[in-house]
Amino acid sequence: MLEKKKDHFLRGKKFSRREALTTAGKVAISAVVAGCIAGAGGYFAGRAAAPPAGTVTSTVTKPGATVTTTVAGTTITKTETVAGPTVTETITKTETIAAPKKPVTIKVNWWPGPESDAIAKIIERWNKYLAPETGINAELVLFGRDVHADKITSMLLAGSPELDIVFEFYLVGKLASYLEPLDDYFANESLYPYTLTDFYPAGLKAFTVNDKLYGIPTDVSVHVLIYRKDLIPKPPETIDEMVEMAKKFTKKYNPDSPTEYGYIVSGKRLLFNAMLWESLMASAGGTPFEVGKELEAVENLTSPAAKKALQVYTDFIRDGISPPDSITYEYMEANAAFQAEKAPMYIQWNAAIGELRDKEKSPRVWDKVGIAPIPGVKLSDGTVLHRSRTHYLGFSINKASEHKVEAFKFLAYLTTTRAMLDYLKYGGFPPNRAVWVNPEAQAVRTELPELMPIMDKYAYAATTHPEVFTIYDILVKHLSAAWSGEVSVDEALEAAQKELRELLAK
Amino acid sequence: MKLTKYLLIIPTLILLLALTLYPTAFAYFLALHEITVQTFRNPTFVGLDNFIEISFNREFWYAIGFTTLFAFVVTPIEMGLGLLISLLLDRPLSGKRIIITLILTPLAIAPALFAVMMKLMFNEFVGLVPYILNSLGFHYSFFRDFPSSFLTLIITDIIQWTPFVFIITYSGLQALPREPYEAALIDGAGSKEIFRYITIPLLKPLLLIVFVLRLMDAFKTFDTVYIMTGGGPGFSTTTASVMIYRASFIHGNFGLAAAATIFLLFIASVASTVGIRVLSKTGMV
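Residues numbered from 1 in each chain as written. Chains lettered and ligands numbered in written order. Predicted model: local features only at pLDDT ≥ 70, side-chain atom pairs only at ≥ 80, totals over all residues.

Of regular secondary structure, chain B possesses 12 helices and 2 strands. Across chain B, helices and strands are ordered from the amino to the carboxyl terminus as α-β-β-α-α-α-α-α-α-α-α-α-α-α. With 285 residues in all, chain B has 33% of them scored as buried. Sequence separation of at least 24 residues holds for 69% of the intrachain contacts in chain B that already meet a minimum separation of 6. (Helix = DSSP H or I, 4+ residues; strand = E, 2+ residues; numbered from the N terminus. Buried ≥ 20, exposed ≤ 12 C-beta atoms within 10 Å, placed from the backbone. Contact = placed C-beta atoms within 7 Å.)

Our next topic: the interface of chain B and chain A. Each side of the interface is counted separately: chain B has 29 residues, and chain A has 30 residues. Among the elements that make up the side of chain B that touches chain A, the one with the highest residue count is helix α11 (residues 240-250) of chain B (3 residues). Class assignment for the residues of the side of chain B that touches chain A results in 13 nonpolar, 12 polar and 4 charged. (Nonpolar A, V, L, I, M, F, W, Y, C, P; charged D, E, K, R; others polar.)

Working note: regular strand, side chains alternate between the two faces of the sheet. Residue and element names in this part refer to chain A. Counting buried residues along strand β11 (residues 345-349), 5 of its 5 residues qualify, which places the element largely inside the surrounding structure. The sheet contact formed by strand β10 (residues 216-228) and β11 spans 5 bridges and is antiparallel. Counterpart to H223 in the pairing with β11 is W349. (Pairing = 2+ DSSP bridges.)

As a further point, take unusual backbone geometry. The omega torsion of the bond from B:G232 to B:P233 falls at 0 degrees, within 30 degrees of zero and hence cis. Turning to its location among the elements, B:P233 is positioned in the loop between α10 (223-228) and α11. A positive phi is found at A:N210, a non-glycine position, where the angle reads about 50 degrees. Positive phi values are uncommon outside glycine, yet A:D211 reaches one of about 65 degrees.

Let us look at the packing of helix α11 (residues 304-318) of chain A against helix α19 (residues 468-483) of chain A. All names here are of chain A. Packing of α11 against α19 leaves a shortest axis separation of 8 Å and a crossing angle of 45 degrees. As the angle between them shows, α11 and α19 are arranged oblique. Counted together, L310, Y313, T314 and I317 of α11 and L479, A482 and W483 of α19 form the full contact between these two elements. Partitioned by chemical class, the residues of the contact of α11 with α19 number 6 nonpolar, 1 polar and no charged. (Axes fitted to C-alpha atoms, helices over the stretch in contact; angles between N-to-C directions. Parallel < 35°, antiparallel > 145°, perpendicular 65-115°, else oblique.)

Right, let's get into helix α8 (residues 239-248) of chain A. Residue and element names in this part refer to chain A. For α8, every residue scored as buried is listed here: I239, M242, M245 and A246. Along the long axis of α8, the arc covered by the buried residues comes to 125 degrees, so they all point the same way. For α8, the elements touching its buried residues are α11. (Arc of directions from axis to C-beta.)

What follows is the structure, encoded as structure tokens:
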């Protein structure tokens, strides 16, 4: 019995072609009908959620009356003071009330890190206090840092409306035709009653392409010399001083050195590392890739200043003054080496300062971190040249967005001092002078008073050329070949110059 | 009846064509046009210019050469190690299941994540490997220059993909008939003779498949190289995949990247055709 029960009723059953096709047809028709019903139901449900616009007539019987107006089931109460010649006069007011808009959700893209931690707080505040009034909800969408540029580029090229606000940086020049120009929006006082004058002009310039503004900077990155102020009472002013000091702090040359190495080079073949080197090169008197000066920078790539800057890093790695593995170092590894007290100084992005001065994240060095301008060369007037590359991260509106006005309203809020202050307090670094001088900001970001002189006196805005990624990729390819000793400094710079000339000639 | 069977496979066929034929056709379209991020909506037809440019690109040929070297170094090592481990475990052993699970662990980790983990393992300050070496009195920098970086990449690939070879050859060993072994033992054959004249001939078809699969995968290596060295120092560890990725996503030159991909496909097709003919003559196929 049990064995017979185990036999399935389909076992051994044969299906004819007619039966198979009939069954398949019935299933397909049922699926189509179900889909139609679901679709129709969804459509009508959506319509029912939005009350229609209407004209309402309200009757006022006496001055100072409270008028209750009802529109299609939604009650809107208004208090109006009605002027009338007599107390008993009846005044009829007719007003057309627009249908309350369906709430719109705009998708705001950021990349994970302190910037997204900060914007998440802003979005939380917006959704809590401003979304009910504006009908605009904001939703944060994160793309991983490593693939962020690829995803944004692919999405914009495809004309996808998936994201309304995109977070981008050097890509403005390249992607401008896929972004919404914002000049008209900012010029419209009903849309933008605030001001942009508190932003550093270089930051706004970084988002300007062919005299059109395509975005707003939310974060500034500037290069600084980070050093151990307990080991180095006075930071090096010149490159020569830095080299001498680095050797003094290398155990190989000075067994009494408190650190194993004297400097940390970020030497991985990564285009951001070429940017770090560029600040040193500029401080050595070279020509950096500034906005509008790309050709000049290429022509001066084989200058004595550029060779000096490249030789310094090459010697550091070759002579063991920088850790041997620094040929694969990028941002994180360089920070880790400093946090582990392996070396007393390095050139790094200012974003590292918060982490290095955090007691929990950097227990060994948090109270010993100093910031100084990048060492340079002495000029004929006796002063020392310092230059720091700055670039700006920020956001733009997707040209394919279906909620451009709503996205702009959120963007407009972000440019206010209040929002920018919150952004800074929660992890961002907005290039906004009104924020930087604010005591609340300085209490949170203790490096602000140290950074302001660097921003004011030494910072230059990096290029936003459409081929910016390619420029730095080509540059770092040849730089890392020199750093590893595969080619000489002269060969590396000449090869880079040749390739960049061909690129910019296209 | 004939019509029915074609009708039943049509949905799958449509899906396959959409996922393979369309991207392939689009790749050819890209390769025949000058198409960048800025000109994406208005590409210019340039015929074979992209192919000509890539065929004279020194770095492309270096990348092909490095990729070939990398593939032909790691694949035989992984084949040998995988086979050795499967032979060692092809016997009654207590805790064998746990051992097999541990061996297969690297295979379960995404290649990109595995590369990050291995980069940390070899880090001179926080890595376990340098720590052990230092405590034994050896000092070695795993990323100092091209030779050390190349060695590190090889070790990483071997650790991750040897389990793949192991599990397939181990499964193959389990499925082999026992009678030839019993007959050989009766005839007085030793372990070496058994391995050479029975195990290898019986496993040959499986080993060939595994070899081809691993070689193809090794040829496509991207994650490990991009994360651990970025293709550096300089250009020295750049594989073809990394080079094509840079051309398309960093330089934004989709036409050139597509042409490089098609060129690579052509080279791989010729190489595999030649390889299969050679192997046919040796009687392995």
